[in-house]
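Here are the chains, one letter per residue:
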Amino acid sequence: MTKDRLTVAVLGPGGVGGLLAALLARAGNRVICLAGERTAEALEQDGIQVTSARFGDFTARVETATELREQVDAALITVKQTTLTASLDRLPAASLGPDTLVVPFLNGVEHPAHLRAHYGDDVPLAPATIRVESTRLAPGVIEHGSPFAEVDLTGDRVPRDRLNSLAGALEWAGVGTRVLPDETAVLWAKMSFLAPFALLTTRHGLPLGEIRTRHREELTALVEETAAVSTAAGAPVDPAETLRRYDAFPPATKSSMQRDAEAGRPLELDAIGGALLRSAERHGVRVPVATEVVAELRAAEERRVAEEPRTASH
């Protein structure tokens, strides 16, 4: 990826993917959004409409496809973990090669191994994390609510110049981007912040401001447990710094998991809570609060699925 104008595929143009696709397209890159027929049709007809205090209100034109059929410089995977396996059909291995940088923007810490097993080691994988609040209101309609959009890009087996090329395109599009060493450290830095925030806002159905006041003791315990697991995994984290970051956020902030719960959508519980418990077990770290919270959320999710009206077969 040495040319100025990149060709970028975006798998899953939702809140995060739609925002990145629109910003990259507005900056002059060729963007192909991979989505289902209904979403692809809406994007083809109306483009991606973004509302943002940070980036302004604008509409970006993108190309669409239900499956990638050509080589691209980078393929951003921005679906939820709950739909990852099914979504990868839109990004077939035959369309990727050693010149395509595969960049998953997924929560949790286990997906790089899954994607390497799926695509093989010849496809360069560059895991990324993003700090942003961005919501898909309808197909091709994106509301960016945070005053920031910041990406950390990494890739232990990817040449630095290739990471820098994509980082430069994101920076030019307005997205603050850092290229960092050590995949484990980057992914656990996000996980250490996300897991307590997502699990407790969802468990209690409350925004972050009320969690950090009414449930401070539980939040502190969960932050300390998560930091202990992260440290054992090779990515030292300061729990006091995590709490300071929570305290700096607007009190009305909700997690995406909480929003999914409110909307009756499947939760990324296994990718976040399940992965935390599995890593704790591997490293021999006791996590009683995390175990209790995840068990309660799993039970609630199972009840919700069981109560869903079943479609009669004809």
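Everything quoted here is computed from the prediction, not taken from an experiment.

K.L.:
I'd like a rundown of the packing of aromatic side chains, residues and numbers included.
P.N.:
Using the criterion set out here, one finds five aromatic pairs in the structure. Judged by centre distance (6.0 Å) and plane angle (50°), the rings of Phe193 and Phe197 are tilted. Of this pair, Phe193 and Phe197 both sit in helix H6 (residues 183–204), four residues apart, which is roughly one turn of the helix. Considered together, Phe193 and Phe197 belong to a single accessibility category, that of buried residues. Residues Phe197 and Tyr246 carry aromatic rings whose centres are separated by 6.4 Å and whose planes lie at 45° to one another, so their mutual orientation is tilted. Remark: Tyr246 occurs in helix H9 (residues 239–248) and Phe197 occurs in helix H6; sequence separation between them is 49 residues. On the basis of relative accessibility, which here comes to 0%, the residue Tyr246 falls in the buried class. Among the aromatic residues, those joined into a cluster by ring pairs are Phe148, Phe193, Phe197, Tyr246 and Phe249. Geometry around Phe58 places Arg26 over its ring, the cationic atom sitting 3.9 Å from the centre.

K.L.:
Can you tell me about the nonpolar core, naming the residues and giving the values?
P.N.:
As a rule of thumb, soluble globular proteins bury nonpolar side chains together. By size, the foremost hydrophobic cluster in this structure holds 40 residues, and its most contacted members are Ile48, Leu76, Val103 and Leu166. No other element matches the seven residues that helix H1 (residues 15–26) contributes to this core. Setting aside its immediate chain neighbours within four residues, Ile48 contacts Gly18, Ala21, Ala22, Cys33, Leu43, Phe58, Thr59, Ala60, Val62, Gly140 and Ile142. With 35 residues, the next largest nonpolar core counts Ala195, Val223, Ala275 and Val287 among its residues.

K.L.:
Which residues make up the UniProt feature "domain: Ketopantoate reductase C-terminal" (unreviewed entry) in the protein chain, and what values go with them?
P.N.:
Taking the UniProt record as the reference, the feature "domain: Ketopantoate reductase C-terminal" (unreviewed entry) is found at residues 186–300. Between the end C-alpha atoms of residues 186–300 there is a gap of 31 Å, over a span that is 77% helix and 0% strand.

K.L.:
Hey, could you go over the packing of H6 against helix H10 (residues 256–263) for me, with residue numbers and the actual values?
P.N.:
Put simply, H6 and H10 touch, their axes get as near as 7 Å, and they point 30° apart. One element, H6, and the other, H10, form an angle in the roughly parallel class. Between H6 and H10 lies a crossing of right-handed hand. The segment H6 lies against H10, with Ala198, Leu199, Thr201 and Thr202 engaging Met257, Gln258 and Ala261. Here the residues of the contact of H6 with H10 sort into four nonpolar, three polar and no charged.

K.L.:
So what about the environment of Asp182? Which residues, and what values?
P.N.:
When you line up the elements, Asp182 lands in the loop between strand S12 (176–179) and H6. Along the sequence, Asp182 and Gly155 sit 27 residues apart, while their C-alpha atoms lie 7.3 Å from each other. Setting aside chain neighbours within four positions, we find Asp182 in contact with Thr154 and Asp156. At 3.1 Å, the side chain of Asp182 and the backbone nitrogen of Thr184 are in polar contact.

K.L.:
Tell me about the pattern of salt bridges, and please be specific about residues and values.
P.N.:
Overall, the coordinates contain 22 salt bridges when judged by the stated rule. A salt bridge links Arg157 to Asp121; its shortest N-O distance comes to 3.2 Å. With Arg157 in the loop between strand S11 (150–153) and helix H5 (160–172) and Asp121 in the loop between helix H4 (111–119) and strand S8 (128–131), this pair connects stretches of sequence that are 36 residues apart. Assigned by exposure class, Arg157 and Asp121 land together as exposed. Close ionic contact of Asp152 with Arg178 constitutes a salt bridge, the shortest N to O distance being 2.8 Å. With Asp152 in strand S11 and Arg178 in strand S12, the pair connects residues that are 26 residues apart, well separated along the chain. Overall, the relative accessible area of 6% leaves Asp152 in the buried class. Among the ionic contacts, a cluster of salt bridges with common partners joins Glu110, Asp270, Arg278 and Arg298.

Calculation rules
- Residues numbered from 1 in each chain as written.
- Predicted model: local features only at pLDDT ≥ 70, side-chain atom pairs only at ≥ 80, totals over all residues.
- Heavy atoms only, no water.
- Phe/Tyr/Trp six-rings, centres within 6.5 Å; stacked < 30°, edge-to-face > 60°.
- Helix = DSSP H or I, 4+ residues; strand = E, 2+ residues; numbered from the N terminus.
- Buried < 20%, exposed > 50% of the residue type's maximum accessible area, 1.4 Å probe, protein only.
- Lys NZ or Arg CZ within 6 Å of the ring centre and 35° of its normal.
- Core = buried A, V, L, I, M, F, W, Y, C linked by side-chain atoms within 4.5 Å.
- Contact = heavy atoms within 4.5 Å.
- UniProt positions renumbered as here; feature names shortened; annotations may be inferred.
- Axes fitted to C-alpha atoms, helices over the stretch in contact; angles between N-to-C directions.
- Parallel < 35°, antiparallel > 145°, perpendicular 65-115°, else oblique.
- Left-handed = near helix turned anticlockwise from the far one by under 90°.
- Nonpolar A, V, L, I, M, F, W, Y, C, P; charged D, E, K, R; others polar.
- Polar contact = N/O pair within 3.5 Å; in protein donor to acceptor, adjacent residues only side chain to side chain.
- Salt bridge = Lys/Arg side-chain N within 4 Å of Asp/Glu carboxyl O.

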